[in-house]
Amino acid sequence: MKRYPLQTLIKLRAHRTELARKVVLEKQQQARACREACTRIEGEIEALRQERSGHRMRLLDPPPPGAPWSQVLEQREAHIDLLGEQVQAAQQRLQQAQQQLQAAERALEEAKQAFFRAKAREDALEKRKGVWRDEQVALEMRKEEDAAADLSLARRLTPGQT
């Protein structure tokens, strides 16, 4: 049987499909890292909010002995304000991380589409290769049938044979 003439093209398409698969895996890792960053920042925001609410609850606790009430109250309020600013900064970081996550998910979707296109091209060539092989087998069988028919005809035409 003959060697398929487009074998090199099939190898090239398989290579491209593998490269596209690797890109998809890389994009998946990037998207996962962005998701984890968002989750981490959300946890940080929640912890800061809980700490802030805890400090608000203790805002009117009596000051330590010897400390002036106004100074302790002012320090506690300043700390609560600081925690509020940290919450706002974390929310801004979360928005940025969510934007990065959206970009990473778009890139992942594009990489998946590129992989599916490459795989479809490879599959189409493999299917064509199968059709070609079937054609080659049919051609070989026709040649064998023709040769058998020629032998049969030659046997009938040769004198002295029974």
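This report concerns the structure included in the present document. (Residues numbered from 1 in each chain as written. Predicted model: local features only at pLDDT ≥ 70, side-chain atom pairs only at ≥ 80, totals over all residues. Heavy atoms only, no water.)

Description of the overall build of the protein
From N to C terminus, the protein includes two helices and zero strands. Here the C-alpha atoms of the protein give a radius of gyration of 38 Å, more than 25% beyond the 15 Å that 2.2 N^0.38 yields for 162 residues. Taken along its principal axes, the extent of the C-alpha atoms in the protein is 135 × 25 × 15 Å. Split into buried and exposed, the 162 residues of the protein put 21% on the buried side. Taking the intrachain contacts of the protein between residues at least 6 apart in sequence as the baseline, contacts between residues at least 24 apart amount to 81%. (Helix = DSSP H or I, 4+ residues; strand = E, 2+ residues; numbered from the N terminus. Rg over C-alpha atoms; globule rule 2.2 N^0.38 Å. Buried < 20%, exposed > 50% of the residue type's maximum accessible area, 1.4 Å probe, protein only. Contact = heavy atoms within 4.5 Å.)

What to know about the nonpolar core
General note: in soluble globular proteins, nonpolar side chains tend to be found buried as a group. Residues V24, C38, I41, I45, L48 and L94 are the most contacted members of the largest nonpolar core, which totals 19 residues. Top contributing element to this core by residue count: helix α2 (residues 69–157), with eleven residues. Aside from chain neighbours lying at most four places away, what touches I45 is V87, A90, Q91 and L94. (Core = buried A, V, L, I, M, F, W, Y, C linked by side-chain atoms within 4.5 Å.)

A closer look at the packing of helix α1 (residues 7–57) against α2
For any two helices packed against each other, one specifies the inter-axial angle together with the distance between the axes. Contact geometry for α1 and α2: axes closest at 7 Å, N-to-C directions at 165°. It follows from the interaxial angle that α1 and α2 lie roughly antiparallel. Note that α1 runs across α2; the crossing there is left-handed. A per-class count over the contact of α1 with α2 returns 27 nonpolar, eleven polar and 19 charged. (Axes fitted to C-alpha atoms, helices over the stretch in contact; angles between N-to-C directions. Parallel < 35°, antiparallel > 145°, perpendicular 65-115°, else oblique. Left-handed = near helix turned anticlockwise from the far one by under 90°. Nonpolar A, V, L, I, M, F, W, Y, C, P; charged D, E, K, R; others polar.)

Description of the pattern of salt bridges
For the structure shown, the criterion picks out five salt bridges. Across the pair R21 and E18 runs a salt bridge, and its minimum N-O distance is 2.5 Å. In this pair, R21 and E18 are both assigned in helix α1, three residues apart and thus about one turn of the helix distant. Residue class for R21 comes out partly exposed when judged on its relative accessible area of 35%. For E18, a relative accessible area of 31% gives the class partly exposed. In this structure, R35 engages E105 in a salt bridge whose closest nitrogen and oxygen atoms are separated by 3.6 Å. Remark: E105 occurs in helix α2 and R35 occurs in helix α1; sequence separation between them is 70 residues. Owing to a relative accessible area of 38%, R35 belongs among the partly exposed residues under this scheme. Judged by relative accessible area, E105 falls into the partly exposed class, the value being 35%. (Salt bridge = Lys/Arg side-chain N within 4 Å of Asp/Glu carboxyl O.)

What about the environment of Q28?
Tracing the backbone through its elements, the reader meets Q28 in helix α1. In this structure the C-alpha to C-alpha distance between Q28 and E109, which are 81 residues apart in sequence, comes to 9.4 Å. Beyond its immediate stretch of four places on either side in the chain, Q28 contacts L108 and K112.

Examining a negative patch on the surface
Where like charges cluster on the molecular surface, the negative patch consists of E140, E144, E145, D146 and D150. Looking at where D150 falls in the secondary structure, it is placed in helix α2. Its relative accessible area of 51% is what places D150 among the exposed residues. (Patch = residues over 30% accessible without salt bridge, like charges linked within 9 Å, V, L, I, M, F, W, Y side chains within 5 Å. Areas by Shrake-Rupley, 256 points an atom, 1.4 Å probe, with all protein chains shown as cover. Lys, Arg positive; Asp, Glu negative; His and termini not counted. Charge placed at Lys NZ, Arg CZ, Asp CG, Glu CD.)

Describing the environment of D146
Tracing the chain through its elements places D146 in helix α2. Taking the relative accessible area as the measure of exposure, D146 reaches 49% and is therefore partly exposed. On a C-alpha basis, the gap between D146 and Q91 in space is 81 Å, while along the polypeptide they are 55 residues apart.

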